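# Residue-level structure breakdown
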There are 2 protein chains.
Amino acid sequence: MNFIAIDWGSSQLRAWRIEKGACTAQQCVPQGIKFVGSGQHEAVLRTLLAPWWEWIVTAEVPVLMAGMIGSDSGWLDSGYQALPQAASAISRGCIAVPSSLPIQLWLRPGLALRQKERANVMRGEEVQLLGALDCAQADIYVFPGTHSKWVKPFHRGEEIVINAFSTAITGELYQLLLQHSLLGAGLPREDAFDVQAFTRGVEESLHSEEGLINRLFYARSRRLLGYLPATAVASWLSGTLIGEELTQLARHSLATDTLALVGDAPLTDHYLTACRLAQRQATVVDAQTAMLNGFRRIYAAL
Amino acid sequence: MNFIAIDWGSSQLRAWRIEKGACTAQQCVPQGIKFVGSGQHEAVLRTLLAPWWEWIVTAEVPVLMAGMIGSDSGWLDSGYQALPQAASAISRGCIAVPSSLPIQLWLRPGLALRQKERANVMRGEEVQLLGALDCAQADIYVFPGTHSKWVKPFHRGEEIVINAFSTAITGELYQLLLQHSLLGAGLPREDAFDVQAFTRGVEESLHSEEGLINRLFYARSRRLLGYLPATAVASWLSGTLIGEELTQLARHSLATDTLALVGDAPLTDHYLTACRLAQRQATVVDAQTAMLNGFRRIYAAL
């Protein structure tokens with residue numbers, strides 16, 4: 001099992017060298033698709049792979065890519081596989097990318113829920129999902145991030161089937177409010193995580209009778225009136241938004257449903273804290289482990 | 001009843017000349033507090049009032065100011081009057097501003113709800129509120145905007161008392177999402193209001209089982225999958241956010257409570273449409289009418 005796995009996102013381009021199933025080298029460069037002009041992807045990839053080039057060409061090692069590189073502003077619009085799909089069918093979904101490079105180049109399309117009211121898309125998380133399904137048993141797989149995904153697979157005989165998922169814009173709202181809103185204006189640059197403020201935000205989202213659109217203003221009014229220190233605003237906002245995400249999740253799942261949080265610390269730590277407060281049983285699956293396991297399944301299905 | 005009324009906000013500086021109770025002239029200049037440096041306010045005001053100066057000085061006409069000019073980044077931090085307050089006490093709340101100008105200069109402080117959990121502030125709307133109480137009978141007074149305010153006064157004998165209010169960050173979220181988020185990226189510059197998309201957004205906020213943090217992503221996923229035209233995204237988002245504001249309002253009020261919407265078209269038209277969909281009885285009070293009536297009450301109480 002020799003291949004190159006590439007997660008080419010909006011900001012970052014990450015590559016892993018997989019030899020006999022194990023990761024033997026990796027690279028990460030800040031050349032996400034928003035920094036790479038149309039027609040330049042081939043050259044960027046060629047440069048990235050230069051240290052491994054001889055091995056790739058000699059051993060005919062395939063290069064598997066996923067992420068925003070397959071979007072309409074990436075290298076080639078790979079479209080979306082329409083749900084429902086069995087995990088085995090998602091593993092087989094790659095399309096070949098024509099290029100002038102003497103290598104086999106594959107691109108993972110996204111997944112789409114094509115329903116007018118619940119229309120939803122993911123791109124990149126589906127690889128982590130394939131891997132996470134193998135790493136951890138859970139009822140719901142959560143991919144915290146800019147646009148958090150929640151997937152609840154079901155079993156049909158031997159198959160695991162994905163027929164729906166949701167997205168919460170938790171991470172993007174957090175960034176927007178801190179960087180561009182009046183709520184975030186004039187905050188000290190403060191990286192310290194305030195667990196008390198975070199906890200208070202989560203608890204209020206879990207139990208308050210007020211809606212998010214009202215509670216968000218407390219980031220400003222409590223600060224102005226002295227009830228929330230400026231240094232705690234970011235942590236409180238994070239707790240409020242993650243708590244809101246879990247509250248919405250709770251509405252559509254059983255209290256006994258277990259969660260697998262696929263991601264990296266410190267974000268997964270914050271989600272774990274929020275899950276404890278929400279009395280949700282949750283485990284963490286490391287994002288890279290899930291991603292590489294997913295690519296292994298995709299490689300095996302090529 | 002001769003006075004100058006000034007609404008000095010973040011972006012705009014507006015002034016009205018009130019002679020014998022009637023507005024005989026007005027000015028609006030883009031010299032909101034974010035464009036005026038510390039120590040410059042007196043000079044800006046002197047220039048603004050130059051056309052009316054002789055009248056002001058000769059007739060000893062007082063100048064009444066409200067809005068962000070009284071905030072900690074304005075001319076003088078006027079603080080907040082703590083609730084509960086009777087409307088009559090709010091009318092009497094002005095403080096004198098020391099200056100080197102030979103005029104009487106008054107500044108309206110804001111209103112604050114000093115409760116740890118429900119801490120809230122307003123600045124400027126309290127003048128419109130005083131005026132709106134005289135213009136229109138309603139159970140709840142709504143001030144749509146960047147940070148929408150909802151006030152439910154109650155009667156104590158002859159007095160009208162304000163003891164609480166809420167804020168929804170409806171307008172700010174709308175601007176953030178359109179201008180800075182991935183949801184708004186690549187939208188056509190399109191001013192046409194799409195009433196169908198707006199209505200759909202309101203209806204979903206009123207009736208959907210999904211939370212706002214999930215539904216907002218539809219601005220992107222429905223567009224990508226062809227269910228929402230790019231030209232309709234802004235109207236759909238507006239409907240979704242205004243609908244959410246009304247949904248939260250509905251939770252904390254009686255279905256029979258009537259609303260007074262204090263503002264300007266087209267925003268008040270959109271709120272009226274949303275109120276009809278939510279089966280809420282609402283009337284509109286023109287923002288300037290409310291503001292000048294409020295200043296008349298303040299002047300009378302000087």
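Residues numbered from 1 in each chain as written. Chains lettered and ligands numbered in written order. Predicted model: local features only at pLDDT ≥ 70, side-chain atom pairs only at ≥ 80, totals over all residues. Heavy atoms only, no water.

What follows deals with the sheet that holds strand β16 (residues 259–263) of chain A. Residues and elements named next belong to chain A. A sheet is described by the order of its strands in space; here five strands give the open sequence β15-β12-β11-β16-β17, paired in mixed fashion. Every interior strand has two partners, whereas the edge strands, β15 (165–168) and β17 (282–286), have only one. Within the sheet, the average angular offset between the axes of one strand and its neighbour, ignoring direction, is 20°. As defined by bridge partners, strand β11 (residues 140–143) adjoins β16 across three bridges and the pair is classed as parallel. Looking at the pairing, I140 lines up with L259 of β16. Against the sheet, helix α11 (residues 287–300) touches β16 and β17, its axis set at about 65° to β17. (Pairing = 2+ DSSP bridges. Helix = DSSP H or I, 4+ residues; strand = E, 2+ residues; numbered from the N terminus. Axes fitted to C-alpha atoms, helices over the stretch in contact; angles between N-to-C directions. Contact = heavy atoms within 4.5 Å.)

By the bridge criterion, seven bridges tie strand β2 (residues 13–19) of chain B to strand β3 (residues 22–29) of chain B in an arrangement that is antiparallel. When the sheet's bridge partners are listed, E19(B) is paired in β3(B) with A22(B).

We now examine the packing of aromatic side chains. Going through the model one piece at a time under the given rule, you end up with six aromatic pairs over all chains. Taking the centre distance of 5.1 Å and the plane angle of 55° together, the rings of F193(B) and F198(B) count as tilted. The class for F198(B) is buried, based on a relative accessible area of 0%. The ring of W53(A) has R46(A) lying over it, and the distance from NZ or CZ to the ring centre is 3.8 Å. (Phe/Tyr/Trp six-rings, centres within 6.5 Å; stacked < 30°, edge-to-face > 60°. Buried < 20%, exposed > 50% of the residue type's maximum accessible area, 1.4 Å probe, protein only. Lys NZ or Arg CZ within 6 Å of the ring centre and 35° of its normal.)

Turning our attention to the interface of chain A and chain B. Across the boundary between the two partners, chain A contributes 51 residues, which contact 51 residues of chain B. Both faces considered, chain A and chain B share a buried interface measuring about 4400 Å² in area, 62% of it formed by carbon and sulfur atoms. When residues of chain A are sorted by the area they lose upon contact with chain B, I213(A), F217(A) and L225(A) head the list and together hold 17% of the total. Linking chain A with chain B are two salt bridges, by the criterion used here. Its salt-bridge partner being R222(A), residue E117(B) comes within 3.8 Å of it at the nearest N-O pair. Between chain A and chain B we count 23 residue pairs in polar contact (both at pLDDT 80 or more) in total. Split by residue class, the side of chain A that touches chain B holds 22 nonpolar, 13 polar and 16 charged. (Buried area = accessible area lost by both parts, 1.4 Å probe. Salt bridge = Lys/Arg side-chain N within 4 Å of Asp/Glu carboxyl O. Polar contact = N/O pair within 3.5 Å; in protein donor to acceptor, adjacent residues only side chain to side chain. Nonpolar A, V, L, I, M, F, W, Y, C, P; charged D, E, K, R; others polar.)

Residue and element names in this part refer to chain A. One pass over the structure, following the stated rule, counts 16 salt bridges over all chains. Its salt-bridge partner being E19, residue R17 comes within 3.0 Å of it at the nearest N-O pair. Take E19: its relative accessible area is 26%, and that puts it in the partly exposed class. Across the pair E204 and R200 runs a salt bridge whose closest N-O atoms are separated by 3.5 Å.

Accessible area lost upon the coming together of the parts serves often as the stated size of an interface. Splitting chain A by domain gives domain 1 (3–123) and domain 2 (168–285). Spacing between the C-alpha centres of domain 1 of chain A and domain 2 of chain A amounts to 32 Å. (Domains from an automatic or database assignment.)

Bringing the nonpolar core into the picture now. Counting 74 residues, the largest nonpolar core has L177(A), L216(A), L177(B) and L216(B) as the members making the most contacts within it. Among all residues touching L216(A), those that are not within four sequence positions of it are L177(A), L183(A), W236(A), L237(A), T240(A), L241(A) and I169(B). With 60 residues, the next largest nonpolar core counts I6(A), L101(A), M122(A) and F143(A) among its residues. (Core = buried A, V, L, I, M, F, W, Y, C linked by side-chain atoms within 4.5 Å.)

With that settled, consider the relation of the copies chain A and chain B. Its rotation angle being 180°, the transformation that places chain A on chain B also includes 0.0 Å of axial translation and leaves an RMSD of 0.0 Å. On this basis, the relationship between the two copies can be described by a two-fold rotation axis. When C-alpha positions in chain A are compared against the rotation axis, the closest is assigned to L176(A), at 3.3 Å. (Least-squares fit on C-alpha atoms with pLDDT ≥ 70 in both.)

In this structure, the amide linkage connecting L83(A) to the following residue, P84(A), adopts the cis form with an omega of 0°. Checked against the element boundaries, P84(A) lands in the loop between β5 (80–82) and β6 (85–86). Here the bond from A265(B) into P266(B) is cis, since omega is 5°, no more than 30 degrees from zero. Within the secondary structure layout, P266(B) lies in the loop between β16 (259–263) and α10 (267–277). Of note in the backbone geometry, K20(A) takes a positive phi value of approximately 50° without being a glycine. In this structure, K20(A) sits in the loop between β2 (13–19) and β3 (22–29). The class for K20(A) is exposed, based on a relative accessible area of 78%. Of note, E60(A) is a non-glycine position whose phi angle comes to about 50°, a positive value. With respect to the helices, strands and loops of the structure, E60(A) is situated in the loop between α2 (53–58) and β4 (63–66). A relative accessible area of 58% means that E60(A) is categorised as exposed.

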